[in-house]
Protein chains: 4
Amino acid sequence: MIHFECDYTEGCCPQILEALSTSNFDQTTGYGNDDYCHRAREIIKTLCKAPHAEVHFLTGGTQANLTVIASALKSYQGVLSPETGHIAGHETGAIEACGHKVLTLPTQDGKITALQVENYCKAHYADASREHTVQPGMVYISFPTETGLIYTKQELQELYTVCKNRELFLFIDGARLGYGLAAEENDCSMEDIAALCDVFYIGGTKVGALFGEAVVITNPALQKDFRYMIKQKGGMLAKGRLLGIQFETLLKDGLYFSVAKKAVAQALQIKRAFKAQGISFLFDSPTNQQFPILTKEQLAYLEKEFTVNFWQHMEDGKCAVRFCTSWATKDEAIARLLNSIERMPK
Amino acid sequence: MIHFECDYTEGCCPQILEALSTSNFDQTTGYGNDDYCHRAREIIKTLCKAPHAEVHFLTGGTQANLTVIASALKSYQGVLSPETGHIAGHETGAIEACGHKVLTLPTQDGKITALQVENYCKAHYADASREHTVQPGMVYISFPTETGLIYTKQELQELYTVCKNRELFLFIDGARLGYGLAAEENDCSMEDIAALCDVFYIGGTKVGALFGEAVVITNPALQKDFRYMIKQKGGMLAKGRLLGIQFETLLKDGLYFSVAKKAVAQALQIKRAFKAQGISFLFDSPTNQQFPILTKEQLAYLEKEFTVNFWQHMEDGKCAVRFCTSWATKDEAIARLLNSIERMPK
Amino acid sequence: MIHFECDYTEGCCPQILEALSTSNFDQTTGYGNDDYCHRAREIIKTLCKAPHAEVHFLTGGTQANLTVIASALKSYQGVLSPETGHIAGHETGAIEACGHKVLTLPTQDGKITALQVENYCKAHYADASREHTVQPGMVYISFPTETGLIYTKQELQELYTVCKNRELFLFIDGARLGYGLAAEENDCSMEDIAALCDVFYIGGTKVGALFGEAVVITNPALQKDFRYMIKQKGGMLAKGRLLGIQFETLLKDGLYFSVAKKAVAQALQIKRAFKAQGISFLFDSPTNQQFPILTKEQLAYLEKEFTVNFWQHMEDGKCAVRFCTSWATKDEAIARLLNSIERMPK
Amino acid sequence: MIHFECDYTEGCCPQILEALSTSNFDQTTGYGNDDYCHRAREIIKTLCKAPHAEVHFLTGGTQANLTVIASALKSYQGVLSPETGHIAGHETGAIEACGHKVLTLPTQDGKITALQVENYCKAHYADASREHTVQPGMVYISFPTETGLIYTKQELQELYTVCKNRELFLFIDGARLGYGLAAEENDCSMEDIAALCDVFYIGGTKVGALFGEAVVITNPALQKDFRYMIKQKGGMLAKGRLLGIQFETLLKDGLYFSVAKKAVAQALQIKRAFKAQGISFLFDSPTNQQFPILTKEQLAYLEKEFTVNFWQHMEDGKCAVRFCTSWATKDEAIARLLNSIERMPK
């Protein structure tokens, strides 16, 4: 079986294993205060053109989400999220376990708009009994979304403007950031992302690292004492250097971007192949996740050789599934998949 | 500078890096459901002679502590811990952040006794207003303790008997378990540990792994739905195999035990060298942590070449410091330290 | 202005003030362990024909909801609630602040069905990645609902059957229980309520008391150590007798039921008066809350003399409002309202 | 039996029952937004000479403590408290249930000093690994303390100065404030209290009210959105007027102070009577709580007629007990107690 069900089925870019081997017997201080981490932080700040940002390395996405959100919100505040947001449905109530409600906004495609946020806030503050409801304190979005889509620069600007007007922090979950930045139609640079939110992270786990996410905090109001939060929530790695080494390796020479670019190109090959068979898609994704809508026969045919991720049942008996490419996807795997798509039942 | 301040200054046993390289492009399912994890679990259950135990791999000690404790306690319960316990003072209130009070018991050497636990419970349940105080629901100890000491088998048996009588879970933090088991005077096997508590963990971070702790749950009452807790608390690694590979490597052929044994032997060399100079110790540790009490001059002399961990000021102007050895400590480093100890000011 | 916007605009049934006066200088022990509380508990258990139930008195509805729910759920569990449930939208995230997600089920009229609960559970347990989502652990409903409706005995039986099959606790918020029991079409007795759930409460605040709710726990699994939870959550009144005295007064001779019956009869007078004017209703409520849909002119006319509670805008420019009667509503107030309804703009 | 074990064995000052009766059928808006509450707030601000303070009425002491503390602290912060503080040992971990550690300072008599706070902070911030420990964010003291003692104005000034230097909020639990202010040796006015902390409360439950505490927030940083917190924590009374009516009655004409004064005078009669018998005291209290150290025979003799509160065993077989007077203590009760003290075994 060839795995296409997610983007974390392999280990890591081999350069990372080499770097871990080379550095293995260096003695360093713990908890992220070593030189590897320091260098990785500088590289990230340079990439973001954000010299005053603070950068912290966490072990995974849920960890990063809950630590950032719990750090930013007051007890009576919640976080606005698209109803499809990872924090809303796939983290076992991690945010609620920190005491905060996830306030969901409806969405068809996984994105939310500045207008939705503004309307939510307007309604909240217009309510004379607003203290009986959770106050919105932050907006959480993903770039790309769970559905593979990206926000345009203008959409981000509008969202961030509303957030600032309404005293909301804007947090961008970048678990797949590399794949979003690599999309052809993307008009946001890493620098833009950094400038258009208060905090975001550069996802490593799904884009070439063994594990780890680099949280970049640009808003000084969120920077103070963040390390206490990391420790309290169990995300402070004793050998923090493991994360520094990985991000230094991925980012010092553009490896992060090149592997993401290749994965997106492969995903678009898959997309075109399905389209050539007249297949439609649940979301029109320009990134490494593709969501074709298949008949049961087509799915059964493909699942003989490939694992995919079931997404949702469609009304007509078809079902939408997810194919993911990643930094590790081999061209031969793509070739075999394209071949099968061509031969699958009509 | 040669680092002796803690046991996490290097990467990992080289065999682990090899195993990570060999497996790097294997495709596996995520979240600990892969074959590497399955095999590692079987090895651990065999070592523990606990076929019905459940084994989960978490990323670090604080993560393991908070997940286990939050999983076991009811809202109104707290966890009894020696006042020197890691959860009591070095985890930024991680347990309290999960809603539970750490109920500290006084200790001179880092250990607590069955009698202390019994007396605490007796007083609690004798109090007519006991619902105004936190109910003890679990006992937390470390093996070895923060102070390097180990419990005897009889001490553990007595503690566990009280725990069962008082309906308390017994949880053993084994962040340095390997070093405890390797102590000459130790009379507990891994099997004994597993039999004399409800849940414990085999520490990887400090004993040869890059990171990771293997939580072994022997009490069925604590097994149900533990994976929900791991996910909620942010400890579920997407590429769970990273932990399976590490523990399989460490445990399949006894590597874990041999590296721990070597580190303990090195620590005892340090201990004997200090003793030969008439130095006394804060704790009489038989494991990889040694706590000599030094004059300022002695410390200044040693700190020219070695980093150590400050522990506490002593009344006579001296101070107690910690020297740690680990799986990575080189014999040359020990030789240089022994040499310096011999030459340090009297 | 005459207030109809809610059912807590006055103090309490005068009999309660008399009882407080009579007992004022009696010396009693604190925290609900006095004879007034003991007698009130016995009366409630007799009314419920539930001799093994435990009864606790709490100060208010949000307090009761959060204490019961936090007491019943494990850390990774959430509570299923209609999306209109009080805990879902009007308690400032009180449940989330205790660490638990409110899992909302869609509803048109404020009620949920056994089938909805069953389907939710079926989907949860069918999901191979279920540990990435919150596990349902309890079902919360209100009797009557926020929308004034009541469940039939059969509906409750079906719900409770599903709950038992799915290992969910069933919790009935009875903040307005008296008004529900007093509805003409109601076929549930207090005894039925007690038999068809695990825990519920008899609302005092809105049905004749100064304040206070009597939580009745019939399921022994929820009884243990509940007083610890009350204390921890700040709901244990030092002078617990205040609640015992109130519930004894309300329940010993049926005062609770007679005042509720009167209020419901008054509400139905209002309902008939609006119907006579061709007014339709948002919900077809048989209890003390009525939700007519009025034009702006009609509302403006009525608001000159009466305060009402805005409920929601309707598509055609009309709006739905709430009129509440209560134990304290005077017949003259009703007469004036009926008169105005008759004269309001068509 | 005559009760002396605590100061909440009776109902309330009869004037409160009268005021409740008079106002019973007034219709008011809910949740503390009524005129009774508004007037009570103005009276309190005038008494405190703090026109910009915000005043909120909560139902009880634990509720007030947890709401204020959870409102003030960041997730990674804890609250410094004397080890005898009510929050440290008598609230079932209510503060921890909100996520915060209670950081206890040792004390012999229930009081803590500015120097203790300064030293704690100095040590915390001097620790390079401080993010591994809980950051102090607030100081909690009681006036009078659990042990009946009061702080001098100078002691409060020193504490508050340290708090401001160290960016700690100072919170004074005034559950028995009236008895503290009434002590002969007290040199603090209500105005002084208000000026020498960031937030405090005027206890009603133990000083003449049925229940209720008036939280006075003088620091604007703590004022914002406090009502959200009250609602979330279950402390917002639907009929908020009940608290407004009580505090207006107690404070408009000095009733609060006169009943406290009487109770303190009665307590000093008890103190003198014991002293006349050569009895010593655990604490030298000038307020309504007295802690004589009695032999078993003396205690047994007194307990035939009076209930007292056991406090602690003393080394010599004696035990310390607590006698409380209150607003409700009758002169005849005192006379009988004095008589018995005189006749008790030597």
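Every value quoted in this text rests on a predicted model; they were computed, and no experiment measured them.

### Topic: the overall build of chain A
Across its full length, chain A holds 15 helices and 13 strands. For 346 residues, the compact-globule estimate of 2.2 N^0.38 gives 20 Å, and the C-alpha radius of gyration of chain A, at 21 Å, lies within 12% of that figure. By its C-alpha atoms, chain A is 60 × 55 × 35 Å across when sized along the principal axes. Per-residue burial for chain A yields a buried fraction of 66% across its 346 residues. Long-range pairs, those at least 24 residues apart, make up 74% of the contacts in chain A with a sequence separation of at least 6.

### What to know about the interface of chain B and chain D
Between chain B and chain D, the contact holds 17 residues from the first and 17 residues from the second. Counting the surface chain B buries against chain D, the share from its top three residues, Thr 92, Glu 96 and Lys 101 of chain B, is 43%. Our count for the contact surface shared by chain B and chain D stands at 2 salt bridges. The tally of links between chain B and chain D comes to 10 residue pairs in polar contact (both at pLDDT 80 or more). Where the side of chain B that touches chain D is concerned, the elements lending two or more residues are α4 (86-89) and α5 (94-97) of chain B. For the side of chain B that touches chain D, the per-class residue count stands at 5 nonpolar, 8 polar and 4 charged.

### Things to note about the side chain of Asn 219 of chain B
Residues and elements named next belong to chain B. Within the secondary structure, Asn 219 sits in the loop between β8 (213-217) and α10 (220-223). You can call Asn 219 buried: its relative accessible area is 18%. Looking at Asn 219, its side chain comes within polar contact range of the side chain of Asp 198, at 2.9 Å. At a separation of 2.8 Å, a polar atom in the side chain of Asn 219 contacts the main-chain amide nitrogen of Ala 221. Once residues within four sequence positions are removed from consideration, Asn 219 is found in contact with Phe 169 and Asp 198.

### Some points on the relation of the copies chain B and chain A
Between chain B and chain A, the superposition needs a rotation of 180° and an axial shift of 0.0 Å, giving an RMSD of 0.0 Å. Expressed as an axis order, the relation between the two copies is that of a two-fold axis. A shared binding surface is used by both copies, with 100% of the interface residues of chain B retained as interface residues in chain A.

### Remarks on the sheet that holds strand β3 (residues 77-82) of chain A
Residues and elements named next belong to chain A. Within the open sheet, the 7 strands sit side by side as β2-β8-β7-β6-β5-β3-β4. Their pairing is mixed. Edge positions in the open sheet fall to β2 (54-58) and β4 (102-105), since each of these has one partner strand only. Sheet twist, expressed as the average angle between the axes of neighbouring strands with direction ignored, equals 25°. Sheet analysis places β3 next to strand β5 (residues 135-142), joined by 4 bridges and oriented parallel. Pairing of Gly 78 across the sheet is with Pro 136, part of β5. Sheet strands touched by helix α3 (residues 61-72): β2, β3, β5, β6 (169-173), β7 (199-203) and β8 (213-217). Its angle to β6, the strand with the most contacts, is close to 175°.

### A short note on the pairing of strand β3 (residues 77-82) of chain C
Residue and element names in this part refer to chain C. Of all 6 residues that make up β3, 6 are buried, and the element is covered over most of its length. With 4 bridges joining them, β3 and strand β4 (residues 102-105) adopt parallel strand pairing. Bridged to Ser 81 within β4 is Thr 104.

### Things to note about the nonpolar core
In a soluble, globular protein the nonpolar side chains are often hidden away together inside. Of all hydrophobic cores here, the largest spans 142 residues; its most connected members are Val 117, Phe 200 and Ile 202 of chain C together with Val 117, Phe 200 and Ile 202 of chain D. Apart from the residues within four sequence positions on either side, Val 117 of chain D is in contact with Leu 80, Leu 105, Ile 112, Val 139, Leu 159, Val 162 and Leu 168 of chain D.

### Topic: the interface of chain B and chain A
Of the residues lining the interface, 50 residues belong to chain B; the matching set on chain A comes to 50 residues. Summed over both partners, the interface of chain B with chain A comes to about 4,100 Å²; 56% of that surface belongs to carbon and sulfur atoms. Among the residues chain B hides against chain A, the three largest losses belong to Phe 25, Gln 27 and Lys 239 of chain B. Together they make up 17% of the total. Inspection of the chain B/chain A interface yields 0 salt bridges.

### Side note on the packing of helix α6 (residues 114-126) of chain A against helix α7 (residues 153-165) of chain A
All names here are of chain A. Contact geometry for α6 and α7: axes closest at 8 Å, N-to-C directions at 15°. The pairing of α6 with α7 is recorded here as roughly parallel in orientation. Regarding α6 and α7, the two cross each other, and that crossing is left-handed. Along the contact surface, α6 presents Ala 114, Val 117 and Glu 118, while α7 presents Glu 158, Leu 159 and Val 162.

### What to know about the environment of Gln 266 of chain C
Residue and element names in this part refer to chain C. Looking at where Gln 266 falls in the secondary structure, it is placed in helix α13 (residues 255-276). According to the relative accessible area criterion, Gln 266 is buried, its value standing at 2%. Between the C-alpha atom of Gln 266 and that of His 100, which follows or precedes it by 166 residues, the distance is 39 Å. Residues in contact with Gln 266, not counting those within four places in the same chain, are Thr 325, Ser 326, Thr 329, Lys 330, Asp 331 and Ile 334.

### Comments concerning the relation of the copies chain B and chain D
What relates the two chain copies is a rotation about an axis together with a slide along it. Between the two copies, chain B and chain D, the superposition gives an RMSD of 0.0 Å; the rotation angle is 180° and the shift along the axis is 0.0 Å. Of all interface residues in chain B, 100% are interface residues in chain D too; the two copies therefore contact each other through one and the same surface.

### Some details on the pattern of salt bridges
With the rule as written, the count across this model stands at 48 salt bridges over all chains. Between Asp 7 of chain B and Arg 176 of chain B there is a salt bridge, with the nearest N and O atoms lying 2.6 Å from each other. In this pair, Asp 7 of chain B sits in the loop between β1 (2-3) and α1 (14-22) while Arg 176 of chain B sits in the loop between β6 (169-173) and α8 (177-181), placing the two residues 169 residues apart along the sequence. Judged by relative accessible area, Asp 7 of chain B falls into the buried class, the value being 0%. For Arg 176 of chain B, a relative accessible area of 5% translates into the label buried. One salt bridge connects Arg 39 of chain D with Glu 248 of chain D, and the closest N-O pair in it is separated by 2.7 Å. Of this pair, Arg 39 of chain D sits in helix α2 (residues 35-47) while Glu 248 of chain D sits in helix α12 (residues 241-251), and the two are 209 residues apart along the sequence.

### A word on the UniProt feature "domain: Aromatic amino acid beta-eliminating lyase/threonine aldolase" (unreviewed entry) in chain A
Look at the UniProt record and you will see "domain: Aromatic amino acid beta-eliminating lyase/threonine aldolase" (unreviewed entry) annotated at residues 11-246 of chain A. In residues 11-246 of chain A, helix accounts for 41% and strand for 16%; the two terminal C-alpha atoms are 12 Å from one another.

### Considering the packing of aromatic side chains
On inspection of all chains with the given rule, the structure shows 54 aromatic pairs over all chains. Here the aromatic rings of Tyr 256 of chain A and Phe 257 of chain A are separated by 5.5 Å at their centres, their planes lie at 85°, and the arrangement is edge-to-face. Among the residues examined, Phe 257 of chain A registers a relative accessible area of 28% and is labelled partly exposed. Aromatic pair Phe 4 of chain B and Phe 306 of chain B: ring centres 5.9 Å apart, planes at 50°, arrangement tilted.

### Points about the state of the cysteines
In the structure shown here, the tally under the stated rule is 0 disulfides over all chains. Cysteine Cys 6 of chain B is unpaired, with the sulfur of Cys 324 of chain B as its nearest cysteine sulfur at 6.4 Å.

### With respect to the sheet that holds strand β5 (residues 135-142) of chain D
All names here are of chain D. Read across the sheet, 7 strands follow the order β2-β8-β7-β6-β5-β3-β4 without closing on themselves; strand pairing throughout is mixed. Each end of this open sheet is capped by a strand with a single partner; those strands are β2 (54-58) and β4 (102-105). Recorded for the sheet is a direction-independent mean angle of 25° between the axes of neighbouring strands. Sheet strands touched by α2: β2, β7 (199-203) and β8 (213-217). Its angle to β2, the strand with the most contacts, is close to 125°. On the sheet, α12 packs against β2, β7 and β8 and is oriented at approximately 110° with respect to β2.

### What to know about the packing of helix α1 (residues 14-22) of chain C against helix α12 (residues 241-252) of chain C
The description of two packed helices rests on the angle between their axes and on the distance between the axes. All names here are of chain C. Two elements in contact, α1 and α12, have axes whose closest approach is 9 Å; the angle formed by their N-to-C orientations is 135°. As summarised for this structure, α1 and α12 are arranged oblique, according to the angle between their axes. The two elements α1 and α12 meet at a crossing, and its hand is right-handed. Within the contact between the two elements, α1 uses Gln 15, Ile 16, Ala 19 and Leu 20 and α12 uses Leu 242, Ile 245, Gln 246, Thr 249 and Leu 250. A per-class count over the contact of α1 with α12 returns 6 nonpolar, 3 polar and no charged.

### Considering α3 of chain A
Residue and element names in this part refer to chain A. When the terminal C-alpha atoms of α3 are compared, their 17 Å separation across 12 residues agrees well with the 16 Å that a helix rising 1.5 Å per residue should span. α3 sits mainly inside the fold: 10 of its 12 residues count as buried. Those residues of α3 that sit buried are Thr 62, Gln 63, Ala 64, Asn 65, Leu 66, Thr 67, Val 68, Ile 69, Ala 70 and Ala 72.

### A closer look at the side chain of Glu 96 of chain D
Structurally, Glu 96 of chain D is set in helix α5 (residues 94-97). Filtering out sequence-adjacent residues up to four positions away, Glu 96 of chain D remains in contact with Glu 96, Gly 99, His 100 and Lys 101 of chain B together with Val 102 of chain D.

### Focus: unusual backbone geometry
The omega torsion of the bond from Phe 143 of chain B to Pro 144 of chain B falls at -10°, within 30 degrees of zero and hence cis. One non-glycine residue, Tyr 31 of chain A, adopts positive backbone phi at about 60°.

Scoring rules and cut-offs
Residues numbered from 1 in each chain as written. Chains lettered and ligands numbered in written order. Predicted model: local features only at pLDDT ≥ 70, side-chain atom pairs only at ≥ 80, totals over all residues. Heavy atoms only, no water. Helix = DSSP H or I, 4+ residues; strand = E, 2+ residues; numbered from the N terminus. Rg over C-alpha atoms; globule rule 2.2 N^0.38 Å. Buried < 20%, exposed > 50% of the residue type's maximum accessible area, 1.4 Å probe, protein only. Contact = heavy atoms within 4.5 Å. Buried area = accessible area lost by both parts, 1.4 Å probe. Salt bridge = Lys/Arg side-chain N within 4 Å of Asp/Glu carboxyl O. Polar contact = N/O pair within 3.5 Å; in protein donor to acceptor, adjacent residues only side chain to side chain. Nonpolar A, V, L, I, M, F, W, Y, C, P; charged D, E, K, R; others polar. Least-squares fit on C-alpha atoms with pLDDT ≥ 70 in both. Pairing = 2+ DSSP bridges. Axes fitted to C-alpha atoms, helices over the stretch in contact; angles between N-to-C directions. Core = buried A, V, L, I, M, F, W, Y, C linked by side-chain atoms within 4.5 Å. Parallel < 35°, antiparallel > 145°, perpendicular 65-115°, else oblique. Left-handed = near helix turned anticlockwise from the far one by under 90°. UniProt positions renumbered as here; feature names shortened; annotations may be inferred. Phe/Tyr/Trp six-rings, centres within 6.5 Å; stacked < 30°, edge-to-face > 60°. Disulfide = S-S within 2.5 Å. Expected span 1.5 Å × (residues − 1).

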